[in-house]
Amino acid sequence: MSRHVAGPIDGNGLYQSRMARGGDWFFMASPPVDEHGRMPPEVQVPAPYTLSPSAHVRNQTRYVFERYGELLEGLGATFQHVSQVEQYIQWKSHADGYLEVSRGSGFLDWNRPSSALMETGDFIPEGMVVAPSAFGFVPRPGLEEKEIRSTGLSYARKYPEFGPSYTHEAPFSEVVLAGPYVFCTIWASDYETGVHPDVILPDWVWWGQEIRNEALWGMDALRRKLETGGTSIENAVHCTVLLVEIEDLYELDLVWGEAFGDNPPARTVTPVRGLGAPRWEGAKHHKEGAMKMEIQFRSIRPGHGAVKEIIELEDGQLGIDPAAVKAGNLLWISGQFAGGAQGLVTAPDASSQVDFLFRRIRDICHAGGTTLDQLLRLRAYVSDPKDGYAVYKGLREHIPSDPPCVVVAGVPGPLQVPGCTVMMDAVAYAP
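So, how was this worked out
- Residues numbered from 1 in each chain as written.
- Predicted model: local features only at pLDDT ≥ 70, side-chain atom pairs only at ≥ 80, totals over all residues.
- Heavy atoms only, no water.
- Buried < 20%, exposed > 50% of the residue type's maximum accessible area, 1.4 Å probe, protein only.
- Helix = DSSP H or I, 4+ residues; strand = E, 2+ residues; numbered from the N terminus.
- Pairing = 2+ DSSP bridges.
- Core = buried A, V, L, I, M, F, W, Y, C linked by side-chain atoms within 4.5 Å.
- Contact = heavy atoms within 4.5 Å.
- Right-handed = clockwise from strand over helix to strand, strands pointing away.
- 1 Å grid on protein atoms, 1.4 Å probe; cavity = no way out; pocket = protein on both sides within 12 Å on 5 of 7 lines; lining within 4 Å.
- Points joined across faces, edges and corners; volume = space filled by probe spheres on them.
- Nonpolar A, V, L, I, M, F, W, Y, C, P; charged D, E, K, R; others polar.
- Axes fitted to C-alpha atoms, helices over the stretch in contact; angles between N-to-C directions.
- Parallel < 35°, antiparallel > 145°, perpendicular 65-115°, else oblique.
- Left-handed = near helix turned anticlockwise from the far one by under 90°.
- Salt bridge = Lys/Arg side-chain N within 4 Å of Asp/Glu carboxyl O.

Novice: Looking at this structure, how should I read the pairing of strand β20 (residues 422-429)?
Specialist: A regular strand places its side chains so that they alternate between the two faces of the sheet. Counting buried residues in β20 gives eight out of eight residues, a clear majority hidden from the surface. Strand direction decides the pairing type here: strand β15 (residues 330-336) and β20, joined by five bridges, are antiparallel. Looking at β20, one finds that Trp-332 is bridged to Val-427. Strand direction decides the pairing type here: strand β18 (residues 375-382) and β20, joined by seven bridges, are antiparallel. When the bridges of β20 are listed, Leu-378 appears paired with Ala-426.

Novice: Please clarify how the environment of Tyr-429 should be interpreted in this entry.
Specialist: Within the element layout of this structure, Tyr-429 appears in strand β20. You can call Tyr-429 buried: its relative accessible area is 3%. Taking the C-alpha atoms as reference, Tyr-429 lies 34 Å from Trp-217; in sequence the two are 212 residues apart.

Novice: Just checking my understanding: could you explain unusual backbone geometry for this structure?
Specialist: Across the chain, the bulk of peptide bonds are trans and the bulk of non-glycine residues have phi less than zero. The omega torsion of the bond from Ala-47 to Pro-48 falls at 10°, within 30 degrees of zero and hence cis. Note that Pro-48 resides in the loop between β3 (25-29) and α1 (53-75). The linkage connecting Ala-277 with the following residue, Pro-278, adopts the cis geometry, with an omega of -5°. Structurally, Pro-278 can be placed in the loop between β11 (266-271) and β12 (293-300). In this structure, Asn-12 takes a positive phi of about 60° despite not being glycine. Secondary-structure assignment places Asn-12 in the loop between β1 (3-11) and β2 (14-22). Of note in the backbone geometry, Ser-105 takes a positive phi value of approximately 60° without being a glycine. Relative to the elements of secondary structure, Ser-105 occurs in the loop between α2 (95-102) and β5 (114-119).

Novice: Looking at this structure, how should I read the nonpolar core?
Specialist: One recurring pattern in soluble globular proteins: nonpolar side chains tend to sit buried together. Membership of the largest hydrophobic core comes to 107 residues, with the highest contact counts inside it found for Met-219 and Phe-297. Ignoring sequence-local partners within four residues, the contact set of Met-219 consists of Ile-233, Val-255, Trp-256, Ala-259, Phe-260, Ile-295 and Phe-297.

Novice: Hey, could you run me through the pairing of β11 in this one?
Specialist: For β11, a buried count of six out of six residues is recorded, marking the element as mostly surrounded by other parts of the structure. Side-chain alternation along β11 places Ala-266, Thr-268 and Thr-270 on one buried face and Arg-267, Val-269 and Pro-271 on a second face that is also buried. Read as a crossover between parallel neighbours, the route from strand β10 (residues 236-243) over helix α4 (residues 249-260) to β11 is right-handed.

Novice: In this structure, what is going on with α2? I would like to understand it.
Specialist: Helical periodicity: at 3.6 residues per turn, an α-helix aligns residues three or four positions apart in one direction. In terms of burial, α2 is largely enclosed, as seven of its eight residues are buried. Of all the positions in α2, only Ala-95, Gly-97, Tyr-98, Leu-99, Glu-100, Val-101 and Ser-102 are classed as buried. Contact partners of the buried residues in α2: α1, β4 (82-89), β5 and β6 (130-137).

Novice: Explain the layout of surface pockets here, please?
Specialist: The method is simple in principle: a probe with the dimensions of a water molecule rolls over the atoms, and the space it marks as empty is what remains. Approximately 1,000 Å³ is the volume found for the largest pocket. If you go around the largest pocket, you meet 38 residues; those closest to its centre are Leu-99, Phe-162, Trp-187, Gly-276 and Ala-277. For the lining of the largest pocket, the elements supplying multiple residues, two or more each, are β4, α2, β5 and β9 (181-187). No other element matches β5, which puts six residues into the lining of the largest pocket. Considering only residue class, the lining of the largest pocket consists of 16 nonpolar, eleven polar and eleven charged.

Novice: Which parts of the structure should I look at to understand the packing of helix α5 (residues 350-367) against helix α6 (residues 388-398)?
Specialist: As a packed pair, α5 and α6 sit with axes 9 Å apart at the nearest point and diverge in direction by 45°. Our classification of the angle between α5 and α6 gives oblique. Both α5 and α6 take part in a crossing whose hand is right-handed. Residues Ala-350, Ser-351, Val-354, Asp-355, Phe-358 and Arg-359 of α5 lie in contact with α6, whose contacting residues are Ala-390, Val-391, Gly-394, Leu-395 and His-398. Along the lines of polarity and charge, the residues of the contact of α5 with α6 split into six nonpolar, three polar and two charged.

Novice: What is the right way to look at the sheet that holds strand β8 (residues 175-178) in this model?
Specialist: Spatial strand order, β7-β8-β9-β12-β10-β11: six strands in an open sheet with mixed pairing. Each having just a single partner strand, β7 (147-149) and β11 make up the two edges of the open sheet. On average, each strand axis in the sheet is inclined to that of its neighbour by 15°, with strand direction left out of account. Pairing geometry for β7 and β8, over three bridges, is antiparallel.

Novice: What am I meant to see in the pattern of salt bridges here?
Specialist: Pairing of side chains with opposite charge becomes possible as their charged atoms draw close. This structure, assessed with the given rule, holds 20 salt bridges. The residue Arg-267 makes a salt bridge to Asp-253 at a minimum N-O spacing of 2.8 Å. Placement of the pair is Arg-267 in strand β11 and Asp-253 in helix α4, with a sequence separation of 14 residues. Both residues of the pair, Arg-267 and Asp-253, count as buried. A single salt-bridge network, built from bridges that share partners, covers Glu-86, Arg-298, Arg-379 and Asp-425.

Novice: What should I look at first to understand empty space enclosed by the protein in this one?
Specialist: Evaluated as defined, the whole model comprises four cavities of 30 Å³ or more. If you trace the largest cavity, you find it lined by Gln-16, Ala-29, Ser-30, Pro-31, Ile-124, Met-128, Ala-131, Pro-132, Tyr-392, Val-406, Val-407 and Val-408. When residues of the lining of the largest cavity are traced back to their parent elements, those giving at least two are β6 and β19 (405-410). A total of three residues in the lining of the largest cavity trace back to one element, the largest contributor, which is β19. Residue composition of the lining of the largest cavity, grouped by class: ten nonpolar, two polar and no charged. In this structure, the second largest cavity occupies an estimated 50 Å³ of space. What lines the second largest cavity is Gln-84, Val-85, Glu-86, Ser-133, Ala-134, Phe-135, Arg-298, Trp-332 and Arg-377.

Below, the structure written as structure tokens:
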């Protein structure tokens, strides 16, 4: 029941593990590179298909998932023990190829996890177009398999018209239970026409907010999904909020504060280029068929061995989120910036911000009863993708051996704290 890592990547400016395990839980995150941080021959696309987004993403997805399969085998686990996935792509044109490969080929082809697929931005190294991250459990007596439930509201259904990968099973599972955890994703769609009719505003009147309607609808959907999973909104411990327009955060938080009160989950709010609808690039509003928000939740079930504990630092946390939430032996750390309400507090370069962020995450780990070298997953969102190299450099300085698995994704700027160009969050093992 200790922490260990596997699948090291060290070279070409990259430094991470592909997998990190703490107790019953594992995280996997990896760019499509070899152990030296370079794009291997398996992901190269020969002529005449070098301009095809599908060819690039299929090769990269297959390479990453094959490495994941090897790591799972070493744990005595399979893809059936993956409970939730977060899937970052460069452009929407990469979505179909990624889904076709990841949902077949012996990977996530049945009993699929809860998932979110988002178009974030560019990656490092150059040429990388996809970054899938996974969270799951190592099977043992009493925790052999996950349980999939449905609210019965057609949120997750078969789509045979989309191809063989969706003929027998929905592309994702609506509510997934594993041990004390409940996983689900909120997205204001009816999964038939795009934006859910209940959230669309009439265009003949000034009052009303698209994001507020999505947030209100989302909180109601969250309550229904968590009730289906045997828990309630008070037991949400962590979430990733994806916003197409970061300026929507204020209106979202008005609803958030009403929904969660003084018992909110840890949270990371991430700007993205786009979500799963519509298919074309650049749409941002309901009249264009586009959702503005997607949220992926991690919650716990009472009586299953984990209790929610909010962790705060003396200097507080920016906004309305707690610094972290501890649930069982996992510490979920909210998104962190090298700045406060008035903006950046370090020098503007990425290295200064990254150093500040690692020191802050270290302090949060101490407050949560663990240490920085117990990190399982680190996520970094950067407005300039090249700043990702500063993240890896800082990780090596602060955790010089056995690094966690890492997601580095370029996202649209500016970020929500003036002057900040790097945001980081983490999950730590707290034995």
